[in-house]
Amino acid sequence: TGSALAMLLARLGVGQIVLIDNDIVDRTNLNRLHFSRQSDADAMRPKVEVVANEIAQLGLGVRALPIEAWVGDPQCRDPLRACDVIFGCTDDHEGRLFLNRFAYYYAVPVIDMGLSVDVDHGEPPTVKALDGRVTVLCPHNACLLCRGIINPQIAYAETMKRTNPEEYEQR
């Protein structure tokens with residue numbers, strides 16, 4: 001959802017877009033990362049770099065600030081605090097948990113989005129269900145934990161896998 005949303009915001013004329021992701025383009029995400037190419041995957045280009053370059057190529061005067069990092073890294077805090085609104089397009093519980101806390105601590109609205117595609121294991125595979133969710137996080141709205149969208153145990157495991165992979169493998 002992130003690359004699609006970034007392009008739509010740019011076309012709407014949003015003045016500045018902060019792009020945060022620590023992932024690279026690879027063959028497995030070419031089908032969902034807008035404007036990515038096989039050459040980007042071959043070069044292992046950062047996703048944020050690919051999207052920022054495409055926004056610049058539009059020539060609409062929109063400034064895209066790519067930050068190649070996990071959303072919770074300290075280098076992301078000031079750029080996030082400067083945002084009028086944050087769109088959460090992460091696919092992990094750890095990132096959602098961080099943005100959930102951030103929204104209420106700094107009173108910056110977060111619009112969290114999620115998509116789920118359920119595919120069977122037949123030959124060829126077929127789509128069984130397509131589900132989408134949009135949740136607005138701001139004061140006086142229930143948070144993602146309260147709604148049961150974030151699983152704290154999964155978020156903890158994701159944190160451990162990122163910060164201490166050896167202990168994660170042992171557990």
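Predicted, not measured: the structure shown is a model, and the values here were computed from it.

**Concerning the environment of Asp-26**
Working step 1: Within the secondary structure, Asp-26 is located in the loop between strand E1 (16–20) and helix H2 (38–42).
Working step 2: Since its relative accessible area comes to 27%, Asp-26 is described here as partly exposed.
Working step 3: Separated by 18 residues in the primary sequence, Asp-26 and Met-44 place their C-alpha atoms 6.4 Å from one another.

**A few points about the environment of Ile-67**
Working step 1: Mapped onto the secondary structure, Ile-67 falls in strand E2 (residues 63–67).
Working step 2: Exposure remark for Ile-67: the relative accessible area of 9% places this residue in the buried category.
Working step 3: In this structure the C-alpha to C-alpha distance between Ile-67 and Ala-52, which are 15 residues apart in sequence, comes to 9.9 Å.
Working step 4: Ile-67 has contacts with Val-18, Leu-19, Ile-20, Asp-21, Val-48, Gln-75, Cys-76 and Pro-79, leaving out every residue within four places of it along the chain.

**Remarks on a nonpolar patch on the surface**
Working step 1: On the surface, Val-117, Val-119, Val-127 and Leu-130 cluster together into a nonpolar patch covering about 370 Å² of accessible area.
Working step 2: Note on placement: Leu-130 falls in strand E5 (residues 127–137).

**A short note on helix H3 (residues 47–58)**
Working step 1: In this model H3 runs 17 Å from its N-terminal to its C-terminal C-alpha over 12 residues, within 8% of the 16 Å that 1.5 Å per residue would give.
Working step 2: Listed in full, the buried residues belonging to H3 are Lys-47, Val-48, Val-50, Val-51, Ala-52, Glu-54 and Ile-55.
Working step 3: Gly-59 sits one or two residues past H3 and shows a positive phi near 70°.

**Remarks on the packing of aromatic side chains**
Working step 1: In this structure the tally under the stated criterion is four aromatic pairs.
Working step 2: Centre to centre, the rings of Trp-70 and Phe-98 are 5.9 Å apart; their planes meet at 55°, and the pair counts as tilted. Of this pair, Trp-70 sits in the loop between E2 and helix H4 (77–81) while Phe-98 sits in helix H5 (residues 93–106); the two residues are 28 residues apart in sequence, bridging distant segments of the chain. With respect to class, Trp-70 is no different from Phe-98; both count as buried.
Working step 3: With a centroid separation of 4.8 Å and an interplanar angle of 80°, the aromatic rings of Tyr-105 and Tyr-106 are classed as edge-to-face.

**Quick notes on unusual backbone geometry**
Working step 1: Residue Pro-124 is bonded to the preceding Glu-123 through a cis peptide linkage, with omega at -5°.
Working step 2: Structurally, the position occupied by Pro-124 is in the loop between strand E4 (110–119) and E5.
Working step 3: Positive phi outside glycine occurs at Met-44, with the angle close to 55°.
Working step 4: Among the secondary structure elements, Met-44 is positioned in the loop between H2 and H3.

**Observations concerning the state of the cysteines**
Working step 1: Inspection of every chain in the model, using the stated rule, returns zero disulfides.
Working step 2: Between Cys-89, a free cysteine, and Cys-83, which holds the nearest cysteine sulfur, the sulfur-to-sulfur gap is 12 Å.
Working step 3: Residue classification places Cys-89 among the partly exposed residues on the basis of a relative accessible area of 27%.
Working step 4: Cys-146 supplies the cysteine sulfur nearest to Cys-143, a cysteine that is in no disulfide, at a spacing of 3.1 Å.
Working step 5: Residue Cys-143 is classed as buried on the basis of its relative accessible area, which comes to 13%.

**As for H5**
Working step 1: Between its terminal C-alpha atoms H5 stretches 20 Å, which fits the 20 Å expected from 14 residues at 1.5 Å a residue.
Working step 2: For H5, every residue scored as buried is listed here: His-93, Glu-94, Gly-95, Arg-96, Leu-97, Phe-98, Leu-99, Asn-100, Phe-102 and Ala-103.
Working step 3: Elements that come into contact with the buried residues of H5 comprise H4, strand E3 (86–88), E4, E5 and helix H6 (152–163).
Working step 4: With a side-chain oxygen positioned 3.0 Å from the backbone nitrogen of Gly-95, the residue opening H5 is Asp-92.
Working step 5: Among the residues trailing H5, Ala-107 stands out with phi positive, at a value near 55°.

What counts, and at which threshold
- Residues numbered from 1 in each chain as written.
- Predicted model: local features only at pLDDT ≥ 70, side-chain atom pairs only at ≥ 80, totals over all residues.
- Heavy atoms only, no water.
- Helix = DSSP H or I, 4+ residues; strand = E, 2+ residues; numbered from the N terminus.
- Buried < 20%, exposed > 50% of the residue type's maximum accessible area, 1.4 Å probe, protein only.
- Contact = heavy atoms within 4.5 Å.
- Patch = residues over 30% accessible without salt bridge, like charges linked within 9 Å, V, L, I, M, F, W, Y side chains within 5 Å.
- Areas by Shrake-Rupley, 256 points an atom, 1.4 Å probe, with all protein chains shown as cover.
- Salt bridge = Lys/Arg side-chain N within 4 Å of Asp/Glu carboxyl O.
- Expected span 1.5 Å × (residues − 1).
- Phe/Tyr/Trp six-rings, centres within 6.5 Å; stacked < 30°, edge-to-face > 60°.
- Disulfide = S-S within 2.5 Å.
- Polar contact = N/O pair within 3.5 Å; in protein donor to acceptor, adjacent residues only side chain to side chain.

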